[in-house]
Amino acid sequence: MAAGLFIGLMSGTSLDGVDGVLFDAVRLAVTGHVHTPFAPALRDELLALNTPGPNELHRAALAANAVARTYADLVAQLLEATATPRGQVRAIGAHGQTVRHRPGGVEGYTTQLLNGALLAEQAGIDVVCDLRSRDVAAGGQGAPLVPAFHRAVFGAAGEDVAVLNLGGIANLSLLYADGRTGGFDTGPANCLMDGWIARHRGAAFDADGAWAASGRVHADLLSALLAEPWFALPPPKSTGRDLFHLDWLDTKRLPGLAPEDVQATLLELSALTVAQALQRQMPAASRVVVCGGGARNGALLRRLGELLAGICVQTSAVHGLPVDQVEAAAFAWLAHRFVERQPGNLPAVTGAAGPRLLGALYPAWV
Ligand SMILES: Nc1ncnc2c1ncn2[C@@H]1O[C@H](COP(=O)(O)OP(=O)(O)O)[C@@H](O)[C@H]1O
Ligand SMILES: [Mg+2]
């Protein structure tokens, strides 16, 4: 068995589907990538399960089965596309689908739907999943878990580098020149823009940010959105659809605004909250490496470039990792950490009481 080969499976808050990579943990390199969209009915159900509703236990179990089958199909495609026998893969690091994220306090928990047993059964490969719960159990946010991986791949000696992942939610990893690593969520990246364009135009996302670019930022709406107390909280902090959803937007929205102006304002909110967080937490940043699907939003990247004038804004592709492979690679890397019995979290990032071994193992044993 090749000791260094792992699969990473990531499906984030955007609910656009699953990114899967074959990852060489020795070379820190991706050797294959497959994206599978969720079936529309599953996507709708996962979205619905983000908010309290009837018969949740049963519906969550069915959705967890469906997520496992989607993941298993992707694994089969990935192995076929890369001509890799499954016996060569040491383990799968599988994120699951977050439907609740409520870290903190004695009642803290985080829920990623995935039937790990079913995935192990179908894939015939060891599965490491439920990667966030242990950090939450240790008093942490359970997020972000990617900064340690970002440090390993994008860290540069003598330079303050930030890594910005623009998924449904935006998160920053701060790789300080002196060796410290920070990381936290900054707020919505795509989730509100996705929801708004879906409601008004029936599109899954605002391609290249073109619709947002056709509107004008509305100053009063922007102020109302920025007044959300979560933005002013200091790190460590994480968030998700629990807070940032269309109902939240509807409570702030002023009547009579043109839909494209709302979209322009949502794009401005994403860019501004990232820029403000970066200026506060890493004022000497020389470079921002951008990844996630939002890196394909030209209008968002242009606006970030304006707000971060003087800082080099580049995508992860410059470093050999295409923007839609970084997060999945991070979960392959976390599976590697688990297998090596090495901690995956950074307590300074998540706020956990200490380093912890992250994940639960469903052995293949076939
Ligand atoms: N061409 C594009 N133009 C604008 N936005 C895009 C484009 N491609 C992808 N996106 C955005 O990226 C999101 C998916 O990003 P992803 O990194 O997979 O997020 P998550 O990890 O939350 O699933 C989509 O929902 C969409 O908002
Ligand atoms: Mg995604």
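See the structure above.
Note that the coordinates shown come from a computational prediction; the quantities given were computed from them, not determined experimentally.

Asker: Any chance you could break down the site of ligand 1 for me, citing the residues and the numbers?
Answerer: Around ligand 1, the surrounding shell holds 18 residues, and the nearest of these are Ser14, Gly168, Asp194, Asp208 and Gly293. Between threonine 13 and ligand 1, the recorded distance is 3.1 Å, taken from a backbone N or O atom to an oxygen atom. Take glycine 168: an N or O atom from its main chain is 2.8 Å from an oxygen atom of ligand 1. Considered on its own, ligand 1 offers 570 Å² of accessible surface; in the complex 87% of this is hidden by protein. For the shell around ligand 1, the class distribution of residues is 3 nonpolar, 10 polar and 5 charged. When residues of the shell around ligand 1 are assigned to domains, at least three fall in each of domain 1 (5-143 + 325-362) and domain 2 (147-319).

Asker: Which residues make up the sheet that holds strand β9 (residues 169-175), and what values go with them?
Answerer: In spatial order, the strands read β10-β9-β8-β11-β12; together these 5 strands make up an open sheet with mixed pairing. For this open sheet the edge positions go to β10 (181-188) and β12 (312-315), each flanked by a neighbour on one side alone. Going from strand to strand, the sheet's axes swing by 20 degrees on average, the running direction of each strand aside. On the sheet, helix α12 (residues 298-307) packs against β8 (161-166), β11 (287-291) and β12 and is oriented at approximately 150 degrees with respect to β8.

Asker: Account for unusual backbone geometry, with residues named and values stated.
Answerer: Glycine aside, a negative phi is what most residues show, and trans is what most peptide bonds show. Cis rather than trans, the peptide bond between alanine 143 and proline 144 has omega equal to -15 degrees. Tracing the chain through its elements places proline 144 in the loop between α4 (133-137) and α5 (147-154). With an omega dihedral of 5 degrees, the bond running from proline 235 to proline 236 counts as a cis peptide bond. Structurally, the position occupied by proline 236 is in the loop between α9 (229-232) and α10 (246-252). Positioned with a positive phi, alanine 83 is a non-glycine residue whose angle comes to about 50 degrees. Within the element layout of this structure, alanine 83 appears in the loop between α2 (56-81) and β4 (91-94).

Parameters at a glance
Residues numbered from 1 in each chain as written. Chains lettered and ligands numbered in written order. Predicted model: local features only at pLDDT ≥ 70, side-chain atom pairs only at ≥ 80, totals over all residues. Heavy atoms only, no water. Near = heavy atom within 4 Å. Polar contact = N/O pair within 3.5 Å; in protein donor to acceptor, adjacent residues only side chain to side chain. Areas by Shrake-Rupley, 256 points an atom, 1.4 Å probe, with all protein chains shown as cover. Nonpolar A, V, L, I, M, F, W, Y, C, P; charged D, E, K, R; others polar. Domains from an automatic or database assignment. Pairing = 2+ DSSP bridges. Helix = DSSP H or I, 4+ residues; strand = E, 2+ residues; numbered from the N terminus. Axes fitted to C-alpha atoms, helices over the stretch in contact; angles between N-to-C directions. Contact = heavy atoms within 4.5 Å.

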